[in-house]
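In case you want the letters, here they are:
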Amino acid sequence: MPSDKLLIADAAGLRPVGSLPGIGPALADALSRLGLERVQDLWFHLPLRYEDRTRISTIAELRAGDRVQVQGVVEAVERGFRYRPQLKVAVSDDSRQTLLLRFFHFHRAQVDQLQPGRRLLIYGEVRLGSQGLEMVHPQYQRLADDAEPAMEDRLTPVYPTTEGLGQKRIAGVIAKALALLPPAEQLELIPPELAAAHGLTSLRDALLYVHRPPADAHVEQLTLGRHPAQQRLAFEELLTQHLSLKRMRAAVRRRHAPALGGDGTLRKQLLNGLPFALTGAQQRVSDDVAVDIAKSRPMLRLVQGDVGSGKTVVAALAALAAAETGYQVALMAPTELLAEQHLRNFRHWLQPLGVEVEWLAGKVTGKARQQALSRVALGAPIVVGTHALMQEGVAFARLGLVIVDEQHRFGVQQRLALRDKGLEGDQVPHQLVLTATPIPRTLAMSAYADLDVSSIDELPPGRTPVQTIAISNARRVEVIERIHAACSEGRQVYWVCTLIEESEQLRAQAAEVAHAELSAALSDCKVGLIHGRMKPKEKQAVMDAFTAGELAVLVATTVIEVGVDVPNASLMVIENSERLGLAQLHQLRGRVGRGAVASNCVLLYQPPLGQLARERLQVMRDTNDGFRIAEKDLELRGPGEVLGTRQTGQLSFRIADLSRDAHLLPAVQQVGAEMLRHHAKRAEQLIERWVGGAARYAHA
Ligand code: ADP
Ligand code: MG
């Protein structure tokens, strides 16, 4: 029976690593620091890259960038002390060329060993130094005078490892584990008929191949992760991730949520009071949400929509449905500024309807905080804030809906933490996630497999596309003249200073400098200044003056990235635009082009431009389409950064790469759906196999 066979496979794979011969407690301990606790964790501990020690290259054929093995005789040794200790060893081979080995740290014994005339077998990366080709800190071993070096008959894998656990040892342990691999059909967890339908090859062969590729393997293909064996494993890893997100979703969906039907009165009042009608897309998405939250199953919905597509009003309508039903709403934003903007919008819209909006951010402290907390605990209908909403001590009376803006800056964990604030028995709040970064479809299906997705794919009417140009800082004076011309036509201008990864203080200083420069150059225009170090009241006063048209130019830090809305502003200059990523540039530019006037964006850059920066600016010039920009961003930066999850490790794969392997996703989803329907046990085992060890590691 197949189920018995599975048990056998598990039996070998589930044994602790300490049960392998020759593995003592110290080694087991080092392995466990890598999350390697069971034999099967070792099977799936995959190489990062490979070294080719199956052949010897002649020095004459070396090129910079090669990672190769050479054999040579020491010609000369020189110890330098000028700047710092250095050992330079010249070796030559039969091709009569010389290669320089350079060491910056070395022992006395090494110097003794590397005497002229000694024969060495050397492995390292070739680079072009000041004295020709060289290797810095190569690996090497001494060869007996007439011995032929022993060649490896396979490529040498290089594994992720930890302090005190060398490559030889970890490779040795993995080899012992691989000896216990069960026969192919027992190892396989993807049901044979599904594997066959999607042309999946044997998992066992794939594992053996990636751990020990033959000498004639295609090294470049392996390095890029495009070898069929790697693709087979990537498929399984993506499948596992998909299954685990789906499982998480299913677990949530088994719970209950309050049905937020409402009678529609507050919503009607809001719509009647708005100076605009909803776009078709806003209407459709609001309906999706209203239908979801009226049910007693928890909603898990992602609303994506480009900058300016009008997500806030969709969120407000959902919030009012909760308020009509007598439940509380928490709206969480990733930055204080964005949260403040929501607070202003919500208060502006909702207070006239008699719905109070509480404020809970990091800087709300002392008595004000205590009071806010007690109102929340007593059932204040709407609470807006930052991650401070998730802290201990924040308790809700009846939390019914959690709205998270700009999801990509929060991790799944944080979203869950806020949701758990509303946990009551098996009842959880509904979740609405808003994101301004349109996520490419393939990625959304994978990274957000636990969410339903709605798109606001239409901008409010009357927006004009922004014309974008890139100009070198050398032509700054021309740009300032252009601002002058725009101001005399009654247009308003943003000047954005970008200093990233510096302190708020340095950013503020840079803005002050630019403010002084522009004030002097544009003596007949009023130039205002806003930055993150100003008090909320001061910021608001400046924003109000700009909104009222009293200021012609607003010098700002990236503070205005979110939440500034002045339709008459039709020119934006972004300084040092080469330093920003595509998503941020797109967000910033979204602040112009909001009125009927034709708008322009000038990307000032400091030459020389690197390749990546050049491509980014080109993309910005070519398109205003947030969707295309996001896709390009994915291509240039990789999914971890696009989703902002790199730090939290949410999407760290062992072998899969979402941008490289996106073509696998449709099949992954089909197989995933089948397995959840008909092979739930195998799906569990698959998750345990790929995620089990890593999950324990993450909790450690
Ligand atoms: P985002 O999706 O970027 O969060 P906002 O919700 O901030 O967008 O909306 C951007 C601007 O468009 C706001 O000034 C908002 O009041 C306005 N807006 C929203 N919906 C409409 C609409 N249907 N018609 C006209 N203006 C709208
Ligand atoms: Mg918004």
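Everything numeric here is computed off the predicted structure, so don't read it as measured data.

As for the site of ligand 1
Phase 1: Close to ligand 1 lie 16 residues, the nearest being Q282, G308, K311, T312 and D565.
Phase 2: One of the side-chain nitrogen or oxygen atoms of Q282 is found 2.8 Å away from a nitrogen atom of ligand 1.
Phase 3: Backbone polar atom of G308 to an oxygen atom of ligand 1: 2.6 Å apart, as the coordinates give it.
Phase 4: Computed on the free molecule, ligand 1 has an accessible area of 560 Å², of which 81% lies beneath the protein chains in the complex.
Phase 5: Broken down by class, the residue content of the shell around ligand 1 amounts to five nonpolar, six polar and five charged.

Section: unusual backbone geometry
Phase 1: With an omega of -5 degrees, the peptide bond running from P607 to P608 counts as cis.
Phase 2: Inspection of the secondary structure assignment puts P608 in the loop between strand 21 (599–605) and helix 22 (611–622).
Phase 3: Look at R96: it is not a glycine, yet its phi comes out positive at around 65 degrees.
Phase 4: Tracing the backbone shows R96 in the loop between strand 3 (86–92) and strand 4 (98–103).

Side note on the sheet that holds strand 17 (residues 492–496)
Phase 1: The strand order across the open sheet formed by six strands is 16-21-20-17-19-18, and the pairing between neighbours is parallel. Only two strands of the sheet have a single neighbouring strand rather than two, namely strand 16 (466–472) and strand 18 (527–530). The average angle at which neighbouring strand axes cross in this sheet is 20 degrees, direction not considered.
Phase 2: As judged from the five bridges shared by strand 17 and strand 20 (residues 569–574), these two strands associate in the parallel manner.

As for the pairing of strand 9 (residues 300–305)
It is a general feature of regular strands that their side chains alternate between the two faces of the sheet.
Phase 1: Buried residues dominate strand 9, accounting for six of its six residues.
Phase 2: Neither face of strand 9 is left uncovered, since the one carrying L300, L302 and Q304 and the one carrying R301, V303 and G305 both have all their residues buried.
Phase 3: For strand 9 and strand 14 (residues 430–435), the ladder comprises five bridges, and the chain directions are parallel. Of the residues in strand 14, the one forming a bridge with L302 is V433.

Describing the packing of helix 21 (residues 582–589) against helix 22
Phase 1: One can describe the packing of helix 21 onto helix 22 by two numbers: an axis separation of 10 Å at closest approach and a directional angle of 35 degrees. In this structure, helix 21 meets helix 22 at a crossing whose hand is right-handed. Seen from helix 21, the contacting residues are L582, L585, H586 and R589; seen from helix 22, they are R616, L617, V619 and M620.
Phase 2: Counted by class, the contact of helix 21 with helix 22 contains five nonpolar, one polar and two charged residues.

Some thoughts on the environment of I170
Phase 1: Relative to the elements of secondary structure, I170 occurs in helix 5 (residues 167–178).
Phase 2: Relative accessible area serves as the criterion here: at 0%, I170 is assigned to the buried category.
Phase 3: Taking the C-alpha atoms as reference points, I170 and P160, 10 residues apart in sequence, are found 9.2 Å from one another.
Phase 4: Aside from chain neighbours lying at most four places away, what touches I170 is L34, L36, H45, Y159, P160, T161 and L165.

Thoughts on the nonpolar core
Phase 1: One finds L31, L42, W43, L207, L233, F235 and L239 to be the most contacted residues of the largest nonpolar core, which totals 58 residues.
Phase 2: Mapped onto this core, the elements with two or more residues apiece are helix 2 (25–33), helix 3 (39–43), helix 5, helix 7 (192–197), helix 8 (203–211), helix 10 (228–253), helix 25 (665–678) and helix 26 (680–699).
Phase 3: Of the residues forming this core, the biggest block, seven residues, is contributed by helix 10.

Concerning the pattern of salt bridges
Phase 1: For the structure shown, the criterion picks out 24 salt bridges.
Phase 2: For the salt bridge of K88 with E78, the shortest nitrogen-to-oxygen distance reads 3.8 Å. Residue K88 is found in strand 3, and its partner E78 is found in strand 2 (residues 67–80); the two are separated by 10 residues along the sequence.
Phase 3: Of the charged contacts, one joins E358 and R375 as a salt bridge, the two residues approaching to 2.4 Å between their closest N and O atoms. Here R375 lies in helix 15 (residues 366–378) and E358 lies in strand 11 (residues 357–360), a separation of 17 residues in the sequence.
Phase 4: Residue E358 is classed as buried on the basis of its relative accessible area of 8%.

Observations concerning the side chain of S577
Phase 1: With respect to the secondary-structure elements, S577 resides in the loop between strand 20 and helix 21.
Phase 2: A polar contact of 2.8 Å, which involves the side chain of S577, links it to the backbone oxygen of L604.
Phase 3: Beyond its immediate chain neighbours, meaning those up to four positions away, S577 contacts L585, L603, L604, Y605 and L617.

Overview of the state of the cysteines
Phase 1: Scanning the model with the defined rule gives zero disulfides in all.
Phase 2: No disulfide involves C487; its nearest neighbouring cysteine sulfur is the one of C525, lying 3.7 Å away.
Phase 3: On the accessibility criterion, C487 (13% relative accessible area) is buried.
Phase 4: Assessed through its relative accessible area of 13%, C525 is described here as buried.

Overview of the packing of aromatic side chains
Phase 1: Per the counting criterion, the structure on display carries three aromatic pairs.
Phase 2: Judged by centre distance (5.2 Å) and plane angle (50 degrees), the ring pair of Y494 and F546 falls under tilted. One end of the pair, Y494, is in strand 17; the other, F546, is in helix 20 (residues 536–547), with 52 residues separating them in the sequence.
Phase 3: Y494 gets classed as buried once you look at its relative accessible area, which sits at 0%.
Phase 4: A cation over an aromatic ring shows up here: R53 above the ring of Y123, its NZ or CZ 4.4 Å from the ring centre.
Phase 5: Positioned over the ring face of Y327 is R398, at 4.1 Å from the centre of the ring.

Things to note about the packing of helix 12 (residues 280–293) against helix 13 (residues 311–325)
Phase 1: Packing of helix 12 against helix 13 brings their axes to within 10 Å, and their N-to-C directions diverge by 25 degrees. What the angle tells us is that helix 12 and helix 13 run roughly parallel. Where helix 12 crosses over helix 13, the two elements pack in a sense that is right-handed. Residues Q282, V285, S286, V289 and I293 of helix 12 lie in contact with helix 13, whose contacting residues are V313, V314, L317, A318 and A321.
Phase 2: Its residues placed into classes, the contact of helix 12 with helix 13 shows eight nonpolar, two polar and no charged.

Remarks on helix 2
Phase 1: For helix 2, the set of buried residues is L27, A30 and L31. Considered in projection along helix 2, the buried side chains sweep an arc of 100 degrees and stay on one side of the axis. Exposed and facing more than 90 degrees away from the buried side of helix 2 are P25 and A26.
Phase 2: Packed against the buried residues of helix 2 are helix 3 and helix 5.
Phase 3: One or two steps after helix 2, the chain reaches G35, where phi turns positive at roughly 80 degrees.

Thoughts on the sheet that holds strand 9
Within a sheet, adjacent strands bond to each other through the backbone by hydrogen bonds, running parallel or antiparallel.
Phase 1: Pairing within the open sheet is parallel, and its seven strands lie in the order 11-12-10-13-14-9-15. Each edge of the open sheet carries a strand with a single partner, namely strand 11 and strand 15 (452–456). Across this sheet, the average inter-strand angle for adjacent strands is 20 degrees, counted without regard to direction.
Phase 2: Pairing of strand 10 (residues 328–332) with strand 13 (residues 399–405), which is carried by five bridges, proceeds in the parallel orientation. Among the inter-strand pairings, A330 is bridged to a residue of strand 13, identified as V402.
Phase 3: Running over the sheet, helix 12 touches strand 9, strand 14 and strand 15 and is turned about 155 degrees from strand 15.

Cut-offs used in this document
Residues numbered from 1 in each chain as written. Chains lettered and ligands numbered in written order. Predicted model: local features only at pLDDT ≥ 70, side-chain atom pairs only at ≥ 80, totals over all residues. Heavy atoms only, no water. Near = heavy atom within 4 Å. Polar contact = N/O pair within 3.5 Å; in protein donor to acceptor, adjacent residues only side chain to side chain. Areas by Shrake-Rupley, 256 points an atom, 1.4 Å probe, with all protein chains shown as cover. Nonpolar A, V, L, I, M, F, W, Y, C, P; charged D, E, K, R; others polar. Helix = DSSP H or I, 4+ residues; strand = E, 2+ residues; numbered from the N terminus. Pairing = 2+ DSSP bridges. Axes fitted to C-alpha atoms, helices over the stretch in contact; angles between N-to-C directions. Buried < 20%, exposed > 50% of the residue type's maximum accessible area, 1.4 Å probe, protein only. Left-handed = near helix turned anticlockwise from the far one by under 90°. Contact = heavy atoms within 4.5 Å. Core = buried A, V, L, I, M, F, W, Y, C linked by side-chain atoms within 4.5 Å. Salt bridge = Lys/Arg side-chain N within 4 Å of Asp/Glu carboxyl O. Disulfide = S-S within 2.5 Å. Phe/Tyr/Trp six-rings, centres within 6.5 Å; stacked < 30°, edge-to-face > 60°. Lys NZ or Arg CZ within 6 Å of the ring centre and 35° of its normal. Parallel < 35°, antiparallel > 145°, perpendicular 65-115°, else oblique. Arc of directions from axis to C-beta.

From the geometry alone we can't say anything about function, so treat these as descriptive.
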